[in-house]
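A look at the structure
Here's the letter readout for the chains.
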Amino acid sequence: MKIIARIYNDFPTKFGIPRQSGRAKEITGRIVFEKEFRNDEALRGIEQFSHLWLIWEFSENVKEAWKPTVRPPRLGGNKRIGVFASRSPFRPNPIGISCVKLERIEKTENEGSVLIVSSADLMNSTPIYDIKPYIPYTDCITDATGGYAEDHKRDKAEVEIPDELLEKLPHDKQKALIEVLRDDPRPAYQHDDERVYGFPFSDFEIKFKADENRITVIDIIKIV
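All of the points below concern the structure found in this document. (Residues numbered from 1 in each chain as written. Predicted model: local features only at pLDDT ≥ 70, side-chain atom pairs only at ≥ 80, totals over all residues. Heavy atoms only, no water.)

On to the state of the cysteines. For the structure shown, the criterion picks out 0 disulfides. No disulfide involves Cys140; its sulfur sits 9.9 Å from the nearest other cysteine sulfur, which is in Cys99. Residue classification places Cys140 among the partly exposed positions, given a relative accessible area of 44%. (Disulfide = S-S within 2.5 Å. Buried < 20%, exposed > 50% of the residue type's maximum accessible area, 1.4 Å probe, protein only.)

The next point concerns the sheet that holds strand 7 (residues 112-118). Ordered by their spatial adjacency, 6 strands build a closed barrel running 1-2-7-6-3-8, and the pairing between neighbours is antiparallel. On average, adjacent strands in this sheet sit at an angle of 45 degrees to one another, irrespective of strand direction. In this structure, strand 2 (residues 28-33) lies alongside strand 7, joined through 4 bridges in antiparallel fashion. Its bridge partner lying in strand 7, Arg30 is registered against Ile116. (Pairing = 2+ DSSP bridges. Helix = DSSP H or I, 4+ residues; strand = E, 2+ residues; numbered from the N terminus. Axes fitted to C-alpha atoms, helices over the stretch in contact; angles between N-to-C directions.)

Counting residues in each nonpolar core, the largest one holds 24 residues, and the members touching the most others are Leu177 and Ile220. The set of elements that each furnish at least two residues to this core consists of helix 2 (163-166), helix 3 (171-182), strand 10 (197-201), strand 11 (204-211) and strand 12 (214-222). Setting aside residues up to four positions removed in sequence, Ile220 forms contacts with Ile161, Leu165, Leu166, Lys168, Leu169, Leu177, Phe204, Glu205 and Ile206. Counting residues in hydrophobic clusters, the runner-up holds 19 residues, among them Ile46, Leu52, Leu54 and Trp56. (Core = buried A, V, L, I, M, F, W, Y, C linked by side-chain atoms within 4.5 Å. Contact = heavy atoms within 4.5 Å.)

Counted under the stated rule, the structure contains 16 salt bridges. In this structure, Glu106 engages Arg104 in a salt bridge whose closest nitrogen and oxygen atoms are separated by 3.1 Å. Residue classification places Glu106 among the partly exposed residues on the basis of a relative accessible area of 27%. Across the pair Lys207 and Glu205 runs a salt bridge, and its minimum N-O distance is 3.9 Å. Several salt bridges converge on common partners, so that one network encompasses Arg23, Lys156 and Asp183. (Salt bridge = Lys/Arg side-chain N within 4 Å of Asp/Glu carboxyl O.)

Quick look at the side chain of Asp10 now. With respect to the secondary-structure elements, Asp10 resides in the loop between strand 1 (5-8) and strand 2. By relative accessible area, Asp10 is classed as buried at 15%. There is a polar contact of 2.7 Å between the side chain of Asp10 and the side chain of Lys173. If we skip the residues at most four places from it in the chain, Asp10 touches Lys173, Pro200, Phe201 and Ser202. (Polar contact = N/O pair within 3.5 Å; in protein donor to acceptor, adjacent residues only side chain to side chain.)

This paragraph deals with the pairing of strand 6 (residues 95-108). Bridge count between strand 3 (residues 51-57) and strand 6: 7 bridges; the pairing is antiparallel. Across the sheet, residue Leu54 finds its bridge partner in strand 6, namely Ser98. Pairing between strand 6 and strand 7: 7 bridges, direction antiparallel. Looking at strand 7, one finds that Thr108 is bridged to Gly112.

Shown next as structure tokens:
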């Protein structure tokens, strides 16, 4: 398989990335094609679709061995379930699939045509193997059931960010950060009210504490 593109966004590490695509609609990213695939003919007609499927690699979770069971975060990080009944990144083949919204296509001088997408759950520089259009009448199954994930589809934390901290961020990043925090990026097994968590987001380090269902940002530091 060949890498056809990579996505570039505000998540240089795994911590903080939305757990599923579509959970943080304000998150945007740039899909830049590898030189071999920078051909506008390959994108002809793509603008007619509002959403796309991305097929990509869990490039930070490649392991030689695999296990038949995993511990999904939504089950508290303690209960095991079959790997094929989960979307865990720890799989026999480290392949992910995500549905993203196509916001627009940008023509650039050095990178060719770049796809601007939102709602992705990929880390910065993640390799992409394929892009396919999302087709509502076949891909949207209205009577589908979501198993154990259904119990957590509306889980959202309350987020508190003092105005003086929020204003440190560019305006177009503020709503995106709030969405990320509402999804509670902490590992499911960590519930220390006094612990200070941190993760890089765009050009900033976000520091926060968590108390049950509330996330409180205590500092936003510009990364030099």
